[in-house]
Amino acid sequence: MDEEEFLETWEIHNRINLYLLDATESAALGSLSASKGRSVGEQFAHAHNVRLMWLKAAAPDLLAGLAKVEKAGALDKKLLRQSLTDSGEAIKLLLRQSLQQGGQVKGFKPHVSAFLGYLISHESHHRGQIILSLKQAGKNLDKKILYGIWEWGVR
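Residues numbered from 1 in each chain as written. Predicted model: local features only at pLDDT ≥ 70, side-chain atom pairs only at ≥ 80, totals over all residues. Heavy atoms only, no water.

Visitor: Lay out the packing of aromatic side chains in plain terms, naming residues and giving numbers.
Guide: In the structure shown here, the tally under the stated rule is six aromatic pairs. Ring geometry for W54 and F108: centres 5.6 Å apart, planes at 75°, overall edge-to-face. Placement of W54 in helix α2 (residues 40-58) and of F108 in the loop between α3 (77-100) and α4 (112-136) is noted, with a sequence separation of 54 residues between them. Summarising the burial analysis for this pair, W54 and F108 share the class buried. Look at W54 and F115: their rings are 5.4 Å apart centre to centre, the planes differ by 75°, and that puts the pair in the edge-to-face class. Separated by 61 residues along the polypeptide, W54 in helix α2 and F115 in helix α4 bring together distant segments of the chain. On the basis of relative accessible area, W54 is assigned to the buried category, the value being 12%. In this structure F115 comes out as buried when scored by relative accessible area, which is 0%. Site record: aromatic cluster; members linked through ring pairs are W54, F108, F115 and Y118. Of note, R155 hangs over the ring of Y19, and the distance from its end group to the ring centre comes to 3.9 Å. (Phe/Tyr/Trp six-rings, centres within 6.5 Å; stacked < 30°, edge-to-face > 60°. Helix = DSSP H or I, 4+ residues; strand = E, 2+ residues; numbered from the N terminus. Buried < 20%, exposed > 50% of the residue type's maximum accessible area, 1.4 Å probe, protein only. Lys NZ or Arg CZ within 6 Å of the ring centre and 35° of its normal.)

Right, here's the structure in full:
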């Protein structure tokens, strides 16, 4: 796999997060699963905030202009979208730098490919929690959206 395909994998994944956020009604961002925990908006904010945690550890210079989304901001769809877009770009830069500097991410073992897998796994787990929370709150997503998150070839 070449560098551009590797980075495109991250971009597709990030667009799928945004696709799910776009399909979520603003009023549903406060929805919780039956087992409580983070609200839908807090799940999106958490994904963004974990990205910032990794940027701080691995490439603090890439944090410029990025801010953590606090609990109150988790109900602001526009803020969530902008935050995920911006942190997605910063993570892409981290991935690119890591590839170009020997394939390592500072503070993560074993290598940048595993780091990409880790990020996608973590955020996909939270996408599942978001969908479950919406379902349990009676705010079901359209089947087109539920199938759409798996259409990596068109996202």
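Visitor: Quick one: what's the story with the side chain of K92, residue by residue and with numbers?
Guide: Relative to the assigned elements, K92 resides in helix α3. Setting aside residues up to four positions removed in sequence, K92 forms contacts with L7, W10 and E11. (Contact = heavy atoms within 4.5 Å.)

Visitor: Just give me the short version of the environment of L63, but keep the residues and values in it.
Guide: With respect to the element layout, L63 can be found in the loop between α2 and α3. Sequence spacing of L63 and R51 is twelve residues, and the spatial spacing of their C-alpha atoms is 9.8 Å. In this view, L63 contacts L52, L55 and K56; residues no more than four positions away in its chain are not counted.

Visitor: Pulling in residues and values, what's your account of α2?
Guide: Spanning 19 residues, α2 covers 28 Å between terminal C-alpha atoms, matching the ideal 27 Å at 1.5 Å per step. Counting buried residues in α2 gives 16 out of 19 residues, a clear majority hidden from the surface. (Expected span 1.5 Å × (residues − 1).)

Visitor: Give me the lowdown on the side chain of E123, citing residues and values where you can.
Guide: Mapped onto the secondary structure, E123 falls in helix α4. Within the local environment of E123, its side chain forms a polar contact with the side chain of R51, the two groups lying 2.8 Å apart. (Polar contact = N/O pair within 3.5 Å; in protein donor to acceptor, adjacent residues only side chain to side chain.)

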